[in-house]
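Okay, here's what each chain looks like letter by letter:
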Amino acid sequence: MIELTTRRLGDHEILHAYPAGKATQPLPVIIFYHGFTSSKLVYSYFAVALAQAGFRVIMPDAPDHGSRYRGDEQSRLGQFWPILHGNLVEFAGLRDALFAAGLVADKRLAVAGASMGGMTALGIMTQHPEVTCVASLMGSGYFLTLADTLFPPSGDSEAVRASLRAWDVTDALPRLADRPLFLWHGEADDVVPAGETFRLQQALIREGLDKRLTCVWEAGVRHRITPTALDATVDFFLKNL
């Protein structure tokens with residue numbers, strides 16, 4: 001049995017899932033980030049599966065998504081990279097609120113996400129050594145190059161790139177290698193190319209930094225989450241968090 005609610009934590013509303021009766025008991029915590037134009041409620045099946053496995057799951061809405069959506073779809077479509085950056089800089093406040101509330105057991109705090117959420121998880125891993133382990137599904141950490149092809153930034157593109165530079169994985173491989181990292185990608189992904197995950201996998205292997213890396217690929221799968229991806233994510237956290 002699990003319980004699932006929405007509540008305010010820090011500055012924004014979150015979806016909160018946990019084993020029944022353990023609303024305030026310290027537990028290992030996973031902060032899970034959703035994809036672009038989606039919401040925490042759409043991805044709540046991850047919260048259900050992970051809470052059933054014994055974890056506390058916190059799902060925020062990205063800026064201008066879900067409970068924070070301002071209603072202008074065309075404007076939002078031109079703001080992919082600023083929205084991703086918003087996720088990245090808001091993480092610290094969410095982390096602090098969790099610890100202040102006494103909800104995290106033994107500093108066991110993980111980050112995960114899918115698509116834009118997977119990109120968020122990788123970016124957070126580059127800057128936050130306190131995160132125990134990370135799972136990125138159909139994401140990429142190569143922000144500066146991917147911005148050329150995936151939702152190219154409108155307006156001042158150089159300012160957008162500058163804001164993302166510190167979070168890019170290119171020069172942060174050792175910081176990705178010192179903790180367990182899970183990568184999943186459908187090989188036929190038609191939005192975020194599977195080559196993005198392969199690039200990171202191979203970079204870590206070349207540097208001898210892949211000892212704590214788990215990669216799962218699914219042939220023929222486009223940009224969507226599969227039951228295999230969900231099960232593998234739960235298994236990863238059961239082993240590493």
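Starting afresh in each chain, residues are numbered from 1 along the sequence in its written order. Local features are withheld for residues below a pLDDT of 70 in this predicted model, meaning they are given only at 70 or higher, and side-chain atom pairs are given and counted only at 80 or more; totals for whole chains, interfaces and linings count all residues. Side-chain metrics rest on all non-hydrogen atoms present in the structure, leaving aside hydrogens and water.

### Some points on the overall build of the chain
Helix and strand labels come from DSSP, where a helix needs a run of H or I of at least four residues and a strand needs a run of E of at least two; each type is numbered from the N terminus. Helix and strand counts for the chain stand at nine helices and eight strands. Here the globule rule reads 2.2 Å times residues to the power 0.38, and the radius of gyration is calculated from C-alpha atoms. Taken over C-alpha atoms, the radius of gyration comes to 17 Å for the chain, in line with the 18 Å a tight globule of 241 residues would show. Along the first, second and third principal axes, the C-alpha atoms of the chain reach 45 × 45 × 35 Å. The contact criterion used is simple: two residues touch if any of their non-hydrogen atoms lie within 4.5 Å. Sequence-distant contacts in the chain: of pairs separated by 6 or more residues, those separated by 24 or more amount to 74%. Note that accessible areas follow from Shrake-Rupley with a 1.4 Å probe, and for residues the cover is restricted to the protein chains shown. Accessible surface, the chain: about 10000 Å² in total, of which carbon and sulfur atoms supply 52%. On the chain, the mean spot of the 22 positive side-chain charges and the mean spot of the 26 negative ones are 5 Å from each other. A residue counts as positive if it is Lys or Arg and as negative if it is Asp or Glu; His and the chain ends are not included. Here the site of a charge means NZ on Lys, CZ on Arg, CG on Asp, or CD on Glu.

### As for the packing of aromatic side chains
Pairing of aromatic side chains requires ring centres within 6.5 Å, counting the rings of Phe and Tyr and the six-membered ring of Trp. Pairs whose planes differ by under 30 degrees are stacked, by over 60 edge-to-face, and all others tilted. In the structure shown here, the tally under the stated rule is 13 aromatic pairs. Consider the rings of F55 and F237, whose centres lie 6.4 Å apart with planes at 70°: the pair is edge-to-face. Taken together, the residues F55 in the loop between α1 (44-52) and β4 (56-60) and F237 in helix α9 (residues 227-240) connect sequence positions 182 residues apart. Accessible area is worked out with a 1.4 Å probe on protein chains only. A residue is then buried under 20% of its type maximum, exposed over 50%, and partly exposed in between. For F237, a relative accessible area of 0% gives the class buried. Through a chain of ring-to-ring contacts, the aromatic side chains of F36, F80, W81, F143 and F151 assemble into a single cluster. Criterion for a charge above a ring: Lys NZ or Arg CZ within 6 Å of the ring centre, and within 35 degrees of the ring normal. Positioned above the aromatic ring of Y142 is the side chain of R199, whose terminal nitrogen or guanidinium carbon lies 3.6 Å from the ring centre.

### Re the pairing of strand β6 (residues 134-137)
Side chains V134 and S136 of β6 all project onto a buried face; the interleaved residues A135 and L137 project onto the opposite face, where all are buried too. The pairing criterion is simple: DSSP has to find at least two bridges between the two strands. Bridge count between strand β5 (residues 104-114) and β6: four bridges; the pairing is parallel. Note that in β6 the partner of G113 across the bridge is S136. Considered for its hand, the β-α-β crossover made up of β5, helix α4 (residues 116-127) and β6 is right-handed. As paired elements, β6 and strand β7 (residues 181-186) share four bridges and run parallel to each other. Within the sheet, the bridge partner assigned to A135 lies in β7 and is F182. Handedness rule for crossovers: strands pointing away from the viewer, path from the first strand over the helix to the second running clockwise, crossover right-handed.

### Quick notes on the environment of L122
Secondary-structure assignment places L122 in helix α4. Accessibility expressed as a relative area gives 2% for L122, which makes it buried. Separated by 88 residues in sequence, L122 and D210 place their C-alpha atoms 15 Å apart. Discounting chain neighbours no more than four positions away, the residues touching L122 are S136, S140, G141, V169, L176, L181, L183 and L200.

### A look at the environment of P153
Within the secondary structure layout, P153 lies in the loop between α5 (143-146) and α6 (157-164). Relative accessible area serves as the criterion here: at 16%, P153 is assigned to the buried category. For P153, the residues in contact, after removing those within four places along its chain, are W81, A147 and V160.

### Let's talk about α1
Every buried residue belonging to α1 is among S44, F46, A47, A49, L50 and A51, and all of these are buried. As for α1, its buried residues are in contact with β1 (2-9), β2 (12-19), β3 (27-33), β4, β6 and α9. Phi turns positive, to about 105°, at G54, one or two residues after α1.

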